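Summary of structural features
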Amino acid sequence: MKRAGYLFFASLSCNAQVLTLNDAIALAVKENPSVQISALDVAKASEAVAETKTARLPQFNAYILGGEALTPIDFTIPRGALGVYPSTGPIPAQNATISTPQNFNALIYGSAAQPVTQLRKIGLAIRESRVGEELAEESLRQKKQDTAHQVKEAYYQIVQTQTQISSAQESLKYLTELAALTERNLAERTVLKSDSLNVKAKLSQQRYQLLVLQDTLASQKEALNRLLGRDLATDFSVEEQPLPTPEELDLAAARKEASEKRSEIREARLQTKKTELDIRREHAEYLPDISLQLSYISLPNISFAPKNILSAGFLLQWQPFDWGQKKHKIEELKSTSRQAALSAQDAEQQVLLDVNQKFRKLMETRALLDTQAAVQETEREKLRVTINRHRQKSALLADLLQEQALVAQADNRYQQALAGFWTAKAGFDHAVGRD
C-alpha cells in the first residue's frame, strides 16, 4: 500500500501543470505584493511630477470674511477735516457722527496670479520631481530583481528536490525488488536471515527518506506560490534547467552588463543629478518673484465704502539681503553633490567587486559539479557490475549493499554540488542585475 501511495504521488506530479522558470519570474514581477507596493510608489512619484507642473499655471485664490459686529462701530469726522473752501466753507460744516448698524457684513477678496520669474524655479522643481520618479522606478527595478532572485533560488530548490525524489523512487524500486529476491533466497537458504533484515531495514529507511522529500517539496511549492502571489495550494511541476556552457559565462560581458543594469549604480547617479538640481534651484532664489496679478474686492452691506474694487498689476517678492544664508546653503549643497559623486563611484566599484566574487564562486561550483558527476557515473557503473556479479552468484549480498550505499552517497554529493551550482548561478545573475 505504501508503494502504491508513492506511485500515486508521482502520477499527480506528472499531471501537474509545468511551470517554466521564465513564466515563474514573469508572474512574480507582476503579482508579487512587494513588487506591487513598489509599483504604487512609482505611480505616486508620477502624480508628484504632475502636481509640480500645475505651479506653472495661474493661481486662483478666493477669501470670504463674514460676520456681525458684537459692538457698534461709531466714529466722528471733525468739522473741516475734509478741508475749508472759500465757496462752501469747512467740510463738513459740523462734526459728523457715523454709526454702523450691527448687521451682517462681509468682505470678499479674489485674485488670479500668473508666475513669471518663478517659472525658472518651477522648471527646476519639475526636473527634480522627475528624478524622484526615476528613483522610484529604479527602486521598482531593484525589487523586481530581488524577487526574481528569490524565485530562481526557490525554483532551483524544487528542481533539486524533484530530482532527489526521482532518484529516491528508483532506489525504492531497486530495494523492493532486492527485498523480494532476498526473501526467495532466504526460503532457499542461500542467504542469511540477517541479510534479509538488513535489506528490509534499508527499504524502510528509503521509504522514510522519500516521505521527507515529498513533504519538503510540498513546502517549497507553497513558498514559491507565495512569491508568485497566488494560492498556496496551486499544484505545479518544474522543469530541469540545462547547465550553461562555459561560453555563456563571460566575466567581461557580465561586468559591462552590471554597470548598466545594477540599480545601486543607477540610483547613485540619479542622486548625483538630484543634488546638482538642488544647487541650481538655490541659485535661482537670488531672483525676485514677480507675478502678474488681478485682484477683486467686494464690500457688501457697507454703505459708506465702494461695493466693488477691481485692480490689475504685478506682485514682487524679494529678499535682497539674507546675511549670507543662500551662499552658505549653496556651499552645503555643493558638498552634498561631491558626496553623491563619490558614492556613485564607490557603488560602481562595489558592484564590480560583487560580480567578480560571484563569478569565481560560480566557476568553483561548476568544477565541483563536474567532479561529482564523474564520481557518480563511476559508482553507478560499479553498482551495475556488482549487480550482474550478484546475479551470477559471484558477489555477496553485502558487497551489493555496500556498493549501493556508495552510489547513494555519490548521488547525494552530486545533488549537493548541483544545488550549490544553481545557488551560485542565481547569485551571479542577481549580481549582474538580471531579472
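Residues numbered from 1 in each chain as written. Predicted model: local features only at pLDDT ≥ 70, side-chain atom pairs only at ≥ 80, totals over all residues. Heavy atoms only, no water.

**Structural notes on the side chain of Gln-415**
Mapping Gln-415 onto the fold places it in helix H9 (residues 397–432). On the basis of relative accessibility, which here comes to 7%, the residue Gln-415 falls in the buried class. With near-sequence residues (within four places) excluded, Gln-415 lies in contact with Gln-160, Thr-163 and Gln-164. (Helix = DSSP H or I, 4+ residues; strand = E, 2+ residues; numbered from the N terminus. Buried < 20%, exposed > 50% of the residue type's maximum accessible area, 1.4 Å probe, protein only. Contact = heavy atoms within 4.5 Å.)

**A look at the nonpolar core**
Nonpolar side chains tend toward joint burial in soluble globular proteins. Membership of the largest hydrophobic core comes to 54 residues, with the highest contact counts inside it found for Val-151, Tyr-155, Leu-178 and Leu-224. Listed by contribution, the elements that provide at least two residues to this core are helix H2 (21–31), helix H4 (118–187), helix H5 (193–227), helix H6 (251–261), helix H8 (325–391) and H9. Leu-124, Leu-135, Leu-270 and Leu-277 belong to the second-largest nonpolar core, a separate cluster that totals six residues. (Core = buried A, V, L, I, M, F, W, Y, C linked by side-chain atoms within 4.5 Å.)

**Some thoughts on the environment of Arg-79**
In this fold, Arg-79 is placed in the loop between strand S3 (73–77) and strand S4 (84–85). For the pair Arg-79 and Ala-426, spaced 347 residues apart in the sequence, the C-alpha separation amounts to 97 Å. When residues no more than four places from it in sequence are discounted, the contact partners of Arg-79 are Pro-90, Pro-92, Ala-93, Gln-94 and Asn-95.

**Some words on the pairing of strand S9 (residues 289–298)**
Here strand S7 (residues 104–115) pairs with S9 via eight bridges, running antiparallel. Residue pairing for S9: Ala-112 is matched across the bridge by Leu-294. Where S9 meets strand S10 (residues 308–317), 10 bridges bridge the pair, whose relative direction is antiparallel. Within S10, the residue paired with Ile-290 across the bridge is Leu-316. (Pairing = 2+ DSSP bridges.)

**Some words on unusual backbone geometry**
In this model, Trp-323 sits at a positive phi of 60°, which is unusual for a non-glycine residue. With respect to the element layout, Trp-323 can be found in the loop between S10 and H8.

**Details of the pattern of salt bridges**
In total, this model carries 25 salt bridges according to the counting rule given. In this structure, Lys-200 and Glu-183 form a salt bridge, with 3.0 Å as the shortest nitrogen-oxygen distance. Placement of Lys-200 in helix H5 and of Glu-183 in helix H4 is noted, with a sequence separation of 17 residues between them. Each of Lys-152, Glu-257, Lys-261, Lys-425, Asp-429 and Arg-434 takes part in salt bridges that share partners, so that together they form one network. (Salt bridge = Lys/Arg side-chain N within 4 Å of Asp/Glu carboxyl O.)

**Observations concerning the packing of H2 against H4**
For any two helices packed against each other, the geometry is given by the interaxial angle and the distance between the axes. H4 packs onto H2 with a crossing angle of 140° between their chain directions and a minimal axis gap of 9 Å. One element, H2, and the other, H4, form an angle in the oblique class. H2 and H4 meet at a crossing whose hand is right-handed. Facing H2, whose interface residues are Leu-21, Ala-24, Ile-25, Ala-28 and Val-29, H4 presents Lys-144, Thr-147, Ala-148, Val-151, Lys-152, Tyr-155 and Tyr-156. (Axes fitted to C-alpha atoms, helices over the stretch in contact; angles between N-to-C directions. Parallel < 35°, antiparallel > 145°, perpendicular 65-115°, else oblique. Left-handed = near helix turned anticlockwise from the far one by under 90°.)

**Comments concerning helix H3 (residues 33–53)**
For H3, which comprises 21 residues, the first-to-last C-alpha distance of 31 Å matches the rise-based estimate of 30 Å (1.5 Å per residue) to within 8%. When we look at burial in H3, the residues that qualify are Val-35, Ser-38, Val-42, Ala-45, Val-49 and Thr-52. Axial view of H3: buried residues confined to an arc of 95°, hence all on one face. Those residues of H3 that are exposed and aimed more than 90 degrees away from the buried face are Ile-37, Leu-40, Lys-44, Glu-47 and Glu-51. Where H3 is buried, its residues meet H2 and H4. Taking the backbone nitrogen of Ser-34 as reference, a side-chain oxygen 2.9 Å away marks Asn-32 as the first, capping residue of H3. (Expected span 1.5 Å × (residues − 1). Arc of directions from axis to C-beta. Polar contact = N/O pair within 3.5 Å; in protein donor to acceptor, adjacent residues only side chain to side chain.)

**Focus: the sheet that holds S9**
Across the sheet, which stays open at both edges, the four strands sit in the order S2-S7-S9-S10 with antiparallel pairing between neighbours. Each edge of the open sheet is held by one strand with a lone partner, namely strand S2 (59–68) and S10. Across the sheet, the mean angle separating the axes of adjacent strands is 20° when strand polarity is ignored. Relative to the sheet, H4 contacts S7 and S9, its axis offset from that of S9 by approximately 110°.

**Focus on a nonpolar patch on the surface**
On the surface, a cluster of nonpolar side chains totalling about 540 Å² of accessible area is made up of Val-116, Leu-292, Phe-314, Leu-316 and Trp-318. Relative to the helices and strands, Trp-318 resides in the loop between S10 and H8. (Patch = residues over 30% accessible without salt bridge, like charges linked within 9 Å, V, L, I, M, F, W, Y side chains within 5 Å. Areas by Shrake-Rupley, 256 points an atom, 1.4 Å probe, with all protein chains shown as cover.)

**What to know about the packing of aromatic side chains**
According to the stated counting rule, one finds five aromatic pairs in the structure shown. With a centroid separation of 5.8 Å and an interplanar angle of 55°, the aromatic rings of Phe-359 and Phe-428 are classed as tilted. One end of the pair, Phe-359, is in helix H8; the other, Phe-428, is in helix H9, with 69 residues separating them in the sequence. Accessibility classification places Phe-359 together with Phe-428 in one group, the buried group. With a centroid separation of 5.2 Å and an interplanar angle of 70°, the aromatic rings of Phe-421 and Trp-422 are classed as edge-to-face. Classification of Trp-422 by relative accessible area gives buried; the value is 6%. (Phe/Tyr/Trp six-rings, centres within 6.5 Å; stacked < 30°, edge-to-face > 60°.)

**Things to note about the packing of H4 against H9**
Relative orientation of the contacting elements H4 and H9 amounts to 170°, with a least axis distance of 9 Å. Classified by the interaxial angle, the pair formed by H4 and H9 is roughly antiparallel.

**Overview of the confidence of the model for the protein chain**
In low-pLDDT regions, the fine details of the predicted coordinates are not to be read closely. Averaged over every residue, the pLDDT of the protein chain is 85; residues scoring 70 or more account for 94%. For the protein chain, the element scoring lowest by mean pLDDT is helix H1 (residues 2–15), at 41; H3 scores highest, at 92. (pLDDT = per-residue confidence, 0-100.)

**So, a positive patch on the surface**
There is a patch of like positive charges on the surface, built from Lys-53, Arg-56, Arg-120, Arg-127, Arg-130, Lys-273 and Arg-280. Of all the secondary-structure elements, those providing two or more residues to the positive patch are H4 and helix H7 (263–284). Here Arg-120 shows up in helix H4. We classify Arg-120 as partly exposed; its relative accessible area is 43%. (Lys, Arg positive; Asp, Glu negative; His and termini not counted. Charge placed at Lys NZ, Arg CZ, Asp CG, Glu CD.)

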